[in-house]
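Here's the letter readout for the chains.
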Amino acid sequence: MANWSLTWQHRFGRTEVIDNTLNPDFVRKFILDYFFEERQNLLVGSLGGRLEKPLVGIPGKKCGTIIVKAEELSNCRESVMMQFCGNKLDKKDFFGKSDPFLVFYRSNEDGTFTICHKTEVVKNTLNPVWQAFKIPVRALCNGDYDRTIKVEVYDWDRDGSHDFIGEFTTSYRELSRGQSQFNVYEVINPKKKGRKKKYLNSGTRHPLCTGNPAQPTSLHYMSPYQLNAYGMALKAVGEIIQDYDSDKMFPALGFGAKLPPDGRVSHEFALNGNPQNPYCNGIDGVMEAYYQSLRSVQLYGPTNFSPVINHVARYAASVKDGSQYFVLLIITDGVISDMAQTKEAIVNASCLPMSIIIVGVGPAEFDAMVELDGDEVRISSRGRYAERDIVQFVPFRDYVDRTGNHILSMARLAKDVLAEVPDQFLSYMKTRGIKPAPAPPPYSPPAQPLQTQI
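It should be emphasised that the depicted structure is a prediction, and the values quoted were computed from it without experimental measurement.

**Q** Mind showing me how you'd approach the confidence of the model for the chain here?
**A** It should be kept in mind that the predicted coordinates are not to be read in detail where pLDDT is low. Mean pLDDT over the chain works out to 82, with 84% of the residues at or above the 70 mark. When pLDDT is averaged over each helix and strand of the chain, the minimum, 54, is found for helix H1 (residues 41-44) and the maximum, 95, for helix H8 (residues 339-349). A low-confidence stretch, residues 449-454 stays under pLDDT 50, and its non-local contacts, those more than four residues away or across chains, total 0 contacts.

Spelled out as structure tokens, the structure:
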């Protein structure tokens, strides 16, 4: 266990504690004001901004060495919110998968690297999704968008001997492109690459950022010429399913955004801005509310599914006589931060008159969504299995017409998305013994001609 305090005539700051290591690499930085008229050898007097000194304090014993690196900060005041996921990382644990975490380093002027961020550990998975984090751009690259950023991937071990999975390099300019098929990084282990001729990589990693709707790289990009992926998925499914609703009034909810005026983060907010009445008139009304919300809210992680599932489940739980059946449509880029809670919500909802349709947009790996679908393995939570399969997942990219015909793409998507809903509806009714209500009497024309008055 190690930590270190920096004293500049008085205690200025204290690093974080790093367990089980004799070679700690501290993440926390200290910003000191530089005064030209004062002598500050620690900052600018050492070669390359690097100062190395032996630790003293115990007579006759070597206590190790402390290394301090300093660099003049740019005036860049930007911060960036980032989120990452990994896919098919190497398995490192004998009895499990891996417990991966990321370490970010910025390059220095002398070619060395300085640690600038560590993610949390995601336990027992080869397809991790790490929590979104906010970092100053100057901490990441000192305001130089093209400066090299190195990212290392490790498998966490309790004793501190974390196993190296692999690494890759990038830049802030590349990362800021956000989520696209061109922004996927191969995690390379140099030792394996040199030892194995057929070695490809130790997994892949890519940013998961829906981004600023004003930027073309965003999945929510508001183009004046065509619908974005979210809009196409919403319109494709909505225009078919709306004909099974009598009043055509649909509640539309968003999840993962900071709301005006105070920036409160919500995972269950009304797209039309009216939490007391989130209903929109038809799918066109839902589309209008969606685009309006993009202009008023700030997209923000993490991405939690369970609040909106539980929201619909509360309505479904109040109508169990077969008179109503609820269909929840979730459109997502594949990121999910509350997998355990979402599984529990689905298991609880499986005994209610509701179905869940999940449409995945963008280039991400949708392993988590496939797991929620439950076609191969019935979904379970804390030892309880779902009473019936209520989830249907499809990736939108599988239905995109190669000629660019969006109408054909949407028709293909709607057909497959809605294919399972009738069986899910019937399975609920049959298990509850609910039979169709008597059909209304057939229409018969009046015996006498109708009299009209003009």
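**Q** I keep staring at the side chain of threonine 342 and nothing clicks. Help me out?
**A** Here threonine 342 shows up in helix H8. Take threonine 342: its relative accessible area is 0%, and that puts it in the buried class. Residue contacts for threonine 342: discarding those within four places in its chain leaves Phe305, Ser306, Ile309, Ile336 and Leu372.

**Q** Is there a simple way to explain unusual backbone geometry in this structure?
**A** Apart from glycine, the bulk of residues carry a negative phi angle, and the bulk of peptide bonds sit in the trans form. Looking along the chain, the bond that leaves proline 260 and enters proline 261 is cis, with omega of 5°. Despite not being glycine, asparagine 142 has its phi angle at roughly 55°, a positive value. Mapping asparagine 142 onto the fold places it in the loop between helix H2 (137-141) and strand E10 (148-155). One non-glycine residue with positive phi stands out, namely arginine 382, at about 50°. Its location among the elements puts arginine 382 in the loop between strand E23 (380-381) and strand E24 (384-385).

**Q** What's the story with the packing of aromatic side chains in this structure? I'm lost.
**A** The geometry of two aromatic rings is summed up by the distance between their centres and the angle between their planes. The full count for this structure, using the stated rule, is 13 aromatic pairs. Ring geometry for phenylalanine 101 versus tyrosine 154: centroids 5.7 Å apart, planes at 20°, classification stacked. Within this pair, whereas phenylalanine 101 is found in strand E7 (residues 100-107), its partner tyrosine 154 is found in strand E10, the two being separated by 53 residues in sequence. The pair phenylalanine 101 / tyrosine 154 is uniform in exposure class, with both members buried. Within the aromatic cluster, the residues linked to one another by ring pairs are Phe84, Phe104 and Phe133. Over the face of the ring belonging to tyrosine 105 we find lysine 150, whose NZ or CZ atom lies 5.2 Å from the ring centre.

**Q** Can you walk me through the environment of isoleucine 188 in this structure?
**A** With respect to the element layout, isoleucine 188 can be found in the loop between strand E12 (185-186) and helix H4 (190-195). Overall, isoleucine 188 belongs to the buried group, its relative accessible area being 18%. Separated by 14 residues in sequence, isoleucine 188 and serine 202 have C-alpha atoms that sit 5.7 Å apart.

**Q** What's the story with the nonpolar core in this structure? I'm lost.
**A** Generally speaking, a soluble globular protein has its nonpolar side chains buried in company with each other. By size, the foremost hydrophobic cluster in this structure holds 35 residues, and its most contacted members are Ile357, Val359, Val361, Phe396, Leu413 and Val417. Residue assignment for this core shows that the elements contributing at least two residues are helix H5 (229-241), strand E16 (257-259), helix H6 (282-296), strand E22 (354-360) and helix H10 (406-417). The contacts of phenylalanine 396, once residues within four sequence positions are left out, are Ala229, Met232, Val359, Gly360, Val361 and Leu413. Core analysis: the next-biggest nonpolar cluster, separate from the first, contains 30 residues, Met82, Leu102, Tyr105 and Leu140 among them.

**Q** For this particular structure, what's the right way to read the sheet that holds strand E17 (residues 264-266)?
**A** In sheet architecture, strand pairing relies on hydrogen bonds along the backbone and comes in two forms, parallel and antiparallel. Strand order across the open sheet formed by 3 strands is E17-E16-E20, with antiparallel pairing between neighbours. Looking at the sheet topology across the chains shown, the edges are occupied by E17 and strand E20 (298-299). Bridge analysis of E16 against E17 gives 3 bridges, and the strand direction is antiparallel. The residue of E17 that forms the bridge with alanine 257 is serine 266.

**Q** Is there a simple way to explain the pairing of E7 in this structure?
**A** In regular strands, side chains alternate between the two faces of the sheet. Where burial is concerned, most of E7 is hidden: 8 out of the 8 residues are buried. Pairing of E7 with E10 involves 7 bridges; the strand directions are antiparallel. The residue of E10 that forms the bridge with valine 103 is glutamate 152. With 5 bridges joining them, E7 and strand E8 (residues 113-118) adopt antiparallel strand pairing. Residue pairing in the sheet places arginine 106 in a bridge with threonine 114 of E8. Linking E7 to E8, which pair antiparallel, is a turn of 5 residues; within it glycine 111 sits at a positive phi near 90°.

**Q** Got a minute to help me understand a nonpolar patch on the surface in this structure?
**A** A contiguous nonpolar surface patch, about 270 Å² in accessible area, is contributed by Met249, Tyr279 and Tyr315. Locating methionine 249 in the fold gives a position in strand E14 (residues 249-251).

**Q** Where do I start with the sheet that holds E10 in this structure?
**A** Spatially, the 4 strands line up as an open sheet ordered E8-E7-E10-E11, and their pairing is antiparallel. Strand pairing shows two members of the sheet lacking a second neighbour, E8 and strand E11 (163-171), which therefore form its edges. Across the sheet, the mean angle separating the axes of adjacent strands is 25° when strand polarity is ignored. Note: E10 against E11, 8 bridges, orientation antiparallel.

**Q** What should I look at first to understand the pattern of salt bridges in this one?
**A** Between side chains of opposite charge, pairing is possible as soon as their charged atoms come close. Scanning the model with the defined rule gives 9 salt bridges in all. Put simply, aspartate 146 and arginine 173 hold a salt bridge, and the shortest N to O gap is 2.8 Å. One end of the pair, aspartate 146, is in the loop between H2 and E10; the other, arginine 173, is in helix H3 (residues 172-175), and 27 residues separate them in sequence. With its nearest N and O atoms 3.7 Å apart, the salt bridge here joins lysine 235 to aspartate 284. Remark: aspartate 284 occurs in helix H6 and lysine 235 occurs in helix H5; sequence separation between them is 49 residues. For lysine 235, a relative accessible area of 22% corresponds to the partly exposed category. By sharing partners, the salt bridges in this structure join Lys235, Glu239 and Asp284 into a single network.

Rules used throughout
- Residues numbered from 1 in each chain as written.
- Predicted model: local features only at pLDDT ≥ 70, side-chain atom pairs only at ≥ 80, totals over all residues.
- Heavy atoms only, no water.
- pLDDT = per-residue confidence, 0-100.
- Helix = DSSP H or I, 4+ residues; strand = E, 2+ residues; numbered from the N terminus.
- Contact = heavy atoms within 4.5 Å.
- Buried < 20%, exposed > 50% of the residue type's maximum accessible area, 1.4 Å probe, protein only.
- Phe/Tyr/Trp six-rings, centres within 6.5 Å; stacked < 30°, edge-to-face > 60°.
- Lys NZ or Arg CZ within 6 Å of the ring centre and 35° of its normal.
- Core = buried A, V, L, I, M, F, W, Y, C linked by side-chain atoms within 4.5 Å.
- Pairing = 2+ DSSP bridges.
- Patch = residues over 30% accessible without salt bridge, like charges linked within 9 Å, V, L, I, M, F, W, Y side chains within 5 Å.
- Areas by Shrake-Rupley, 256 points an atom, 1.4 Å probe, with all protein chains shown as cover.
- Salt bridge = Lys/Arg side-chain N within 4 Å of Asp/Glu carboxyl O.
- Axes fitted to C-alpha atoms, helices over the stretch in contact; angles between N-to-C directions.

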